Amino acid sequence: MTRRSPRRVLPALVALLGLALVACGGDPQVSAGSPANPGGVLTSDGASSLFAGAEPAKPYRMPDVTLTSTNKQDFNLITDTAYPVTLVFFGYTHCPDVCPLVMNDLAQAVLQLPESVRSQTQVVYITSDPGRDTPEVLRRYLDHYNPDFVGLTGSMATIVRAADDLGVAIEGRHKLPSGGYDVGHGAQIIGFHGDTAPVLWTAGTPVSDIVHDIEALVRS
């Protein structure tokens, strides 16, 4: 298998302090990874890596958390992610900027996969705004990108627990002058092979890199 050259996008600040916390509609802030999950510390040397994306120093494990899918059925992140490869992203449907960009990149990456790889890949979108993102709202939103994408909601406490296990910061609501609110959250996509995630991609990662890494995950 051909080894990748060093990763093009992995700033030293990200490698040392963790991933950017995105307050959608606002300014990015730097947030350290979850103290309970040492995988929040990223490696910075990609010279011998199989992946183009960033790699946790210790691969993440899929949280044993049960949420509610868009068909209103229970969905356990371990037992119901039956595909060899699962991509997990936390976002919300009212996000004005970062989430649509990431979701569009994910949709494009999945479309570019060979059918043999696409059939082994599942995308799971977990809302960080369960107060507004009902199963029906999530389904309509995800159908704009790919009707096969899985949408999950649940109690905020359960969602935060899952996010913490994966080093994804969820800051909560930021009130807007209009009376509404934005939700600050980490914008990384986490790539799992089975119940272990050896790679993640930050917002703005080239689609071609995501495609490459999904294929590498399927082969691993």
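Cut-off values and rules
Numbering of residues starts from 1 in every chain and runs along the sequence as written. Given that this is a predicted model, residues contribute local features only at a pLDDT of at least 70 and side-chain atom pairs are listed and counted only at 80 or more, while totals for whole chains, interfaces and linings are drawn from all residues. Excluding hydrogens and water, the side-chain figures rest on all heavy atoms present in the structure. When a carboxyl oxygen of Asp or Glu is within 4 Å of a side-chain nitrogen of Lys or Arg, the pair counts as a salt bridge. Secondary structure is summarised from DSSP: a helix means a run of H or I of at least four residues, a strand means a run of E of at least two, and numbering begins at the N terminus for each. The buried label goes to any residue with under 20% of its type's maximum accessible area, the exposed label to any with over 50%, and the partly exposed label to all in between, with areas taken from a 1.4 Å probe on protein chains only. Here the arc refers to the directions that run from the helix axis out to each C-beta atom. The contact rule is simple, with two residues in contact once any of their heavy atoms fall within 4.5 Å. Definition of nonpolar core: a set of buried residues of the types Ala, Val, Leu, Ile, Met, Phe, Trp, Tyr and Cys, connected through side-chain atoms within 4.5 Å. In this scheme, strands are said to pair when DSSP sees at least two bridges between them. As a per-residue measure, pLDDT reflects the predictor's confidence and takes values from 0 up to 100. Working definition: rings of Phe, Tyr and Trp (its six-membered ring) pair if their centres are within 6.5 Å, and the pair is stacked with planes under 30 degrees apart, edge-to-face with planes over 60 apart, and tilted otherwise.

Engineer: Pulling in residues and values, what's your account of the pattern of salt bridges?
Structural biologist: This structure, assessed with the given rule, holds 5 salt bridges. Residue D195 pairs with R61 through a salt bridge whose shortest N-O separation is 3.0 Å. Pair noted here: D195 is in the loop between strand 11 (189–193) and strand 12 (196–201) and R61 is in strand 3 (residues 60–61), with a separation of 134 residues, a long-range link. Taking relative accessible area as the criterion, D195 reaches 33% and is therefore assigned partly exposed. A salt bridge links R118 to E115, with the nearest nitrogen and oxygen atoms 2.7 Å apart. Here R118 and its partner E115 are both found in helix 3 (residues 115–118), 3 residues apart, which amounts to about one turn of the helix.

Engineer: Describe helix 4 (residues 135–143), with residues and values.
Structural biologist: All of the buried residues in helix 4 are P135, L138, Y141 and L142. Projected down its long axis, helix 4 carries its buried residues within an arc of 130°, all on one side. Contact partners of the buried residues in helix 4: strand 4 (66–69), helix 2 (98–112), strand 7 (121–127) and strand 8 (150–153).

Engineer: Please provide a residue-by-residue account of the nonpolar core, values included.
Structural biologist: For soluble globular proteins, nonpolar side chains are generally found buried alongside one another. By size, the foremost hydrophobic cluster in this structure holds 33 residues, and its most contacted members are L87, F89, M103, I189, W201 and I214. Take this core: its biggest share by element is 8 residues, from helix 2. Setting aside anything within four residues of it in sequence, one finds I189 in contact with L87, V88, F89, V102, L106, V199, L200, W201 and I210. By size, the runner-up hydrophobic cluster in this structure holds 23 residues, among which are V65, L67, F75 and I190.

Engineer: Please give an account of the pairing of strand 11 that cites residues and values.
Structural biologist: Of all the 5 residues making up strand 11, 4 are buried; the element is thus mostly covered by neighbouring parts of the structure. Relative to strand 11, strand 6 (residues 85–91) runs antiparallel, the two sharing 5 bridges. Pairing of V88 across the sheet is with I190, part of strand 11.

Engineer: A description of the confidence of the model for the protein chain should follow, citing residues and the corresponding values.
Structural biologist: Averaged over the protein chain, the pLDDT score is 81; the fraction of residues at 70 or greater is 73%. Note on residues 1–20: pLDDT under 50 across the span, and 56 contacts to partners over four residues away in sequence or across chains. Here residues 25–40 scores under 50 on pLDDT; set against residues more than four positions off or in separate chains, the count is 33 contacts.

Engineer: Any details on the packing of aromatic side chains? Residues and values, ideally.
Structural biologist: If you walk through the whole model with that rule in mind, you get 3 aromatic pairs. Pairing Y125 with Y141 gives two aromatic rings, centres 5.6 Å apart and planes at 50°, and the pair type is tilted. Of this pair, Y125 sits in strand 7 while Y141 sits in helix 4, placing them 16 residues apart in sequence. With respect to class, Y125 is no different from Y141; both count as buried. Considering the side-chain rings of Y141 and Y145, the 5.4 Å spacing of their centres and the 65° angle between planes classify their relative orientation as edge-to-face. Taking relative accessible area as the criterion, Y141 reaches 10% and is therefore assigned buried.

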